[in-house]
Amino acid sequence: MNPRRVFAVLLRQIYLYRRSFTRILDVFYWPTVDLLLWGFVTLYLEKAGTEMLEKAGTEMPHYVSFFLGGLILWNILLRAQQGISVSFLEDIWARNLLNLFVSPLTISEYLLGLVLVSVVKVLIAFLVMGALAAFFFDFHVLVLGGSLLPFVLNLCALGWAIGLVTMAAILRFGQEAEILAWALAFLFLPVSAVFYPVEVLPPFLQKLATWVPSSYVFEGMRQVILEGSLKLGPLLKASLLNMAYLGGSYLIFLRVHHGALLRGTIPKIGE
Amino acid sequence: MAPTVVVRVHPRDPLYLPMHTVLEVEDLTKCFGKICALKGISFTLCSGEILGVVGPNGAGKTTLINCLLGLVLPTSGKIRYFGKDFFRNRSQILAKVNFASSYVALPLSLTLEENLLVYAHLYGLREPRERVAEVLKIFGLYEKRKRRTRTLSSGQMMRLCLAKALLNHPRVLLLDEPTAGLDPEVAQKTRDLILNYARQERTAVLFTSHNLAEVERISSRILVLQKGQIRALGKIAKLLEEFEAESLEELYFRLAA
């Protein structure tokens, strides 16, 4: 592993973003729109619901905190996934992949470089959404305390695993598969229980959710907001699942890359 | 301003190498399913030598370059650079090899300098900014270094790709149709640059081309490919004598067309 070559992959993306207003806008645009839209919707529903529940003499749960916390954490997963798969697409669109793959850069160095790109994008999205949530809705994401770090790491790990599978699909099926870079992560949204507890899912989806590491993170987040504590068992299970998925997706990518070398398709990608 | 080439290696320089084999290809075969693009290709390339690879479309020229770059895995056969197996020492070998093609550009939204800086880091150069400035000067692009790559003409783009290809002082340079699509004047300048660089730096060059006059002008030897097989390999004068041909064109049509 050569750190300079990893840095070169990051540097290429920094140069790309530095010179592109639309790309910079994209980093801020969706997190901002998402947060404001869902924040105000939740605020409205909570207000209406509180009035109804007050009449009934019961208390309203922390819907704004659940929604905004869920939204901010979901964006971490999404940005981690897109951080690697869209950066990979940028190299395909620029027809730069061939130049990269004939340099001394190894596959693991390239992937690590893309992971660093995604970390930068995750940090930006997190800071923007966290600041907006505090300013407009008085929700402070740091209320999650020490559990925030394992939550973020687990969501990033799943995002990278999905991103690697997306990249493998693009390498195998060409640019026709590029839609996956924006769509694949959303397959995990319903079973991740981002905005609702797992228990509201039908039984077969509840079973499926036990295999989705992000569902433990979002359940954990609600638990921390409600009780101020976190059960470590489910988080440990999420971490083990993520390690397995990350390792598996890396092997899938390596296998697909090897197949592309055998079929000679790498020079033709992007044509 | 006419581009100039800076002589880096002197016979007393420890990097100076007498004429010796830098690339060995042995019985290289590449089949895609039932179709074999390369069949039993064997040749060697020495330092300072320019090998021109000619053949009609579909002869296997690009597949050969792709195999030599590790972009395509051969079905069988061996590729050795500097006496080492390519696929076992890929990263180490590619640090001393480089590539340019008229069909492969660099990212258009980056400036010339940014593009080369990225590759200077990828090739682990000690003083990336100095080397980038040096190669941009060699190719007469230094004044345009802050411009975006998309503003370049096709001739300037090819010069930039060649600048990228020379960044790491390659000991082997692989060029896929380096003058395709260039006007005669720019093509001539590009040929001169390749020729001068190979002579002065003793870099081994393997290039493919459809331009037989170009191949005749700069090649030390030629390799004629047809349907993935070598039809002829050697010095042009010797091949003309061997096949009793009056010109390279006649030889080409007899062997490859």
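Numbering of residues starts from 1 in each chain and follows the order in which that chain's sequence is written. By the order in which they are written, chains take letters starting at A while ligands take numbers starting at 1. Given that the model is predicted, a residue must reach a pLDDT of at least 70 before its local features are reported, and side-chain atom pairs must reach 80 or more before they are shown or counted; all residues, however, enter totals for whole chains, interfaces and linings. With hydrogens and water set aside, each side-chain value is computed from the structure's full complement of heavy atoms.

A. Representation of the overall build of chain A within the structure. Scanning chain A for helices and strands turns up 11 helices and 0 strands. Put simply, DSSP H or I for four residues or longer makes a helix, DSSP E for two residues or longer makes a strand, and each gets a number counted from the N terminus. Starting at the N terminus, the α and β elements of chain A follow one another as α-α-α-α-α-α-α-α-α-α-α. Relative accessible area decides the class of each residue, using a 1.4 Å probe on protein chains only: under 20% of the type maximum gives buried, over 50% gives exposed, and in between gives partly exposed. By the burial criterion, 52% of the 271 residues in chain A qualify as buried. Within chain A, residue pairs in contact and separated by at least 24 positions form 77% of the contacts whose partners lie at least 6 positions apart. For chain A, the accessible surface area stands at approximately 12,700 Å², while carbon and sulfur atoms represent 71% of it. The charge count includes Lys and Arg as positive and Asp and Glu as negative, but it does not include His or the ends of the chains. The location of each charge is read from NZ of Lys, CZ of Arg, CG of Asp or CD of Glu. With 19 positive and 16 negative side-chain charges, chain A shows a spacing of 13 Å between the two charge centroids. Every residue pair with non-hydrogen atoms within 4.5 Å of one another is taken to be in contact. For accessible areas, the Shrake-Rupley method is used with a probe of radius 1.4 Å. Any residue's cover is judged against the shown protein chains and nothing else.

B. Broad picture of unusual backbone geometry. Residues and elements named next belong to chain B. One non-glycine residue, F82, adopts positive backbone phi at about 50 degrees. For K227, which is not a glycine, the phi torsion comes out positive at approximately 50 degrees. Residue position: K227 is located in the loop between strand 9 (221-226) and strand 10 (229-234).

C. Structural context of the confidence of the model for chain A. On average, residues of chain A score 88 in pLDDT, and 95% of them reach the 70 mark or higher. Residue-level confidence of the predictor is what pLDDT reports, using numbers from 0 through 100. Put simply, helix 2 (residues 21-56) of chain A is where chain A has its lowest mean pLDDT, 79, and helix 11 (residues 232-263) of chain A is where it has its highest, 95.

D. Spotlight on the packing of helix 3 (residues 112-122) of chain B against helix 5 (residues 154-166) of chain B. Residues and elements named next belong to chain B. As a packed pair, helix 3 and helix 5 sit with axes 10 Å apart at the nearest point and diverge in direction by 25 degrees. Considered as vectors, helix 3 and helix 5 are oriented roughly parallel to each other. Handedness of the helix 3/helix 5 crossing: right-handed. Contacts between helix 3 and helix 5 involve L112, L116 and Y119 from the former and L160, A163 and K164 from the latter. Taken together, the residues that form the contact of helix 3 with helix 5 break down as 5 nonpolar, no polar and 1 charged. Helix axes are fitted only over the stretch in contact, all axes being lines through C-alpha atoms; the angle between N-to-C directions runs from 0 to 180 degrees. Relative orientations are named as follows: roughly parallel for angles under 35 degrees, roughly antiparallel for angles over 145 degrees, roughly perpendicular for angles from 65 to 115 degrees, and oblique for any other angle. Take the far helix as your reference; a near helix turned counterclockwise from it by less than a right angle gives a left-handed crossing, and one turned clockwise gives a right-handed crossing. Polarity classes work like this: nonpolar for Ala, Val, Leu, Ile, Met, Phe, Trp, Tyr, Cys and Pro, charged for Asp, Glu, Lys and Arg, and polar for all others, with Gly in that last group.

E. How the structure looks around the packing of helix 3 of chain B against helix 4 (residues 128-138) of chain B. Residues and elements named next belong to chain B. Between helix 3 and helix 4, the shortest axis-to-axis distance is 9 Å and the interhelical angle comes to 125 degrees. The orientation of helix 3 relative to helix 4 falls into the category oblique. Where helix 3 crosses over helix 4, the two elements pack in a sense that is right-handed. Contact residues: L112, E113, L116, L117, A120 and H121 in helix 3; P128, R129, V132, V135 and L136 in helix 4.

F. Broad picture of the nonpolar core. Grouped together as the largest cluster of nonpolar side chains are 167 residues, with contacts concentrated most on L73 and Y110 of chain A together with F43, L68 and Y81 of chain B. With 16 residues, the single largest contributor to this core is helix 3 (residues 63-93) of chain A. Apart from residues lying up to four places away in sequence, L73 of chain A is in contact with L144, L148, F151, L155, V217, F218 and M221 of chain A. To form a nonpolar core, buried Ala, Val, Leu, Ile, Met, Phe, Trp, Tyr and Cys residues must be joined to one another through side-chain atoms within 4.5 Å.

G. Here's a closer look at the pattern of salt bridges. Residues and elements named next belong to chain B. Any Lys or Arg side-chain nitrogen located within 4 Å of an Asp or Glu carboxyl oxygen qualifies as a salt bridge. Inspection of the entire model under this criterion finds 13 salt bridges over all chains. Across the pair E214 and R191 runs a salt bridge whose closest N-O atoms are separated by 2.7 Å. Here R191 lies in helix 6 (residues 184-201) and E214 lies in helix 7 (residues 212-218), a separation of 23 residues in the sequence. You'll find E214 and R191 in the same group, each marked buried. The structure contains a network of salt bridges with shared partners spanning E24, E26 and R80.

H. Quick look at the environment of V102 of chain A. Looking at the secondary structure, you find V102 of chain A in the loop between helix 4 (97-101) and helix 5 (107-137). What makes V102 of chain A buried here is its relative accessible area of 1%. When sequence neighbours within four positions are dropped, the list of residues in contact with V102 of chain A reads L69, L71, R90, L94, F99 and Y123 of chain B.

I. Region of interest: the interface of chain B and chain A. Across the boundary between the two partners, chain B contributes 36 residues, which contact 29 residues of chain A. Across the interface of chain B and chain A, roughly 2,900 Å² is buried in total on both sides, 58% from carbon and sulfur atoms. In this structure, the connection of chain B to chain A is made through 1 salt bridge. Of the charged contacts, one joins R18 of chain A and E114 of chain B as a salt bridge, the two residues approaching to 2.7 Å between their closest N and O atoms. Polar contact criterion, stated in full: a pair of N or O atoms within 3.5 Å, where within protein one must be able to donate a hydrogen and the other to accept it, and residues adjacent in sequence count only if both atoms are side-chain atoms. At the boundary of chain B and chain A, one finds 11 residue pairs in polar contact (both at pLDDT 80 or more). Mapped onto the side of chain B that touches chain A, the elements with two or more residues apiece are strand 1 (21-32), helix 1 (61-69), helix 2 (90-94), helix 3 and helix 4 of chain B. Among the elements that make up the side of chain B that touches chain A, the one with the highest residue count is helix 3 of chain B (7 residues). Two parts lose some accessible area (1.4 Å probe) when they are put together, and adding that loss for both gives the buried area.

J. Representation of the sheet that holds strand 1 of chain B. Residues and elements named next belong to chain B. Taken together, the 4 strands give an open sheet; going across it, the order is 2-1-4-5, and neighbouring strands pair in antiparallel fashion. Each edge of the open sheet carries a strand with a single partner, namely strand 2 (35-46) and strand 5 (84-85). Of the pairings in the sheet, the one linking strand 1 to strand 4 (residues 76-81) comprises 5 bridges and is antiparallel in character. Within strand 4, the position partnered with E24 by the bridge is R80. Strands were regarded as paired on the criterion that DSSP finds at least two bridges between them.

K. A look at helix 6 (residues 148-173) of chain A. All names here are of chain A. A rise of 1.5 Å per residue sets the reference length of helix 6, with its 26 residues, at 38 Å; its end C-alpha atoms lie 37 Å apart and thus fit the reference within 8%. Along helix 6, 20 of the 26 residues are buried, which leaves the element largely enclosed by surrounding structure. Positive phi shows up at G174, right after helix 6, with a value of about 80 degrees. Residue count minus one, scaled by 1.5 Å, sets the expected span of a helix.

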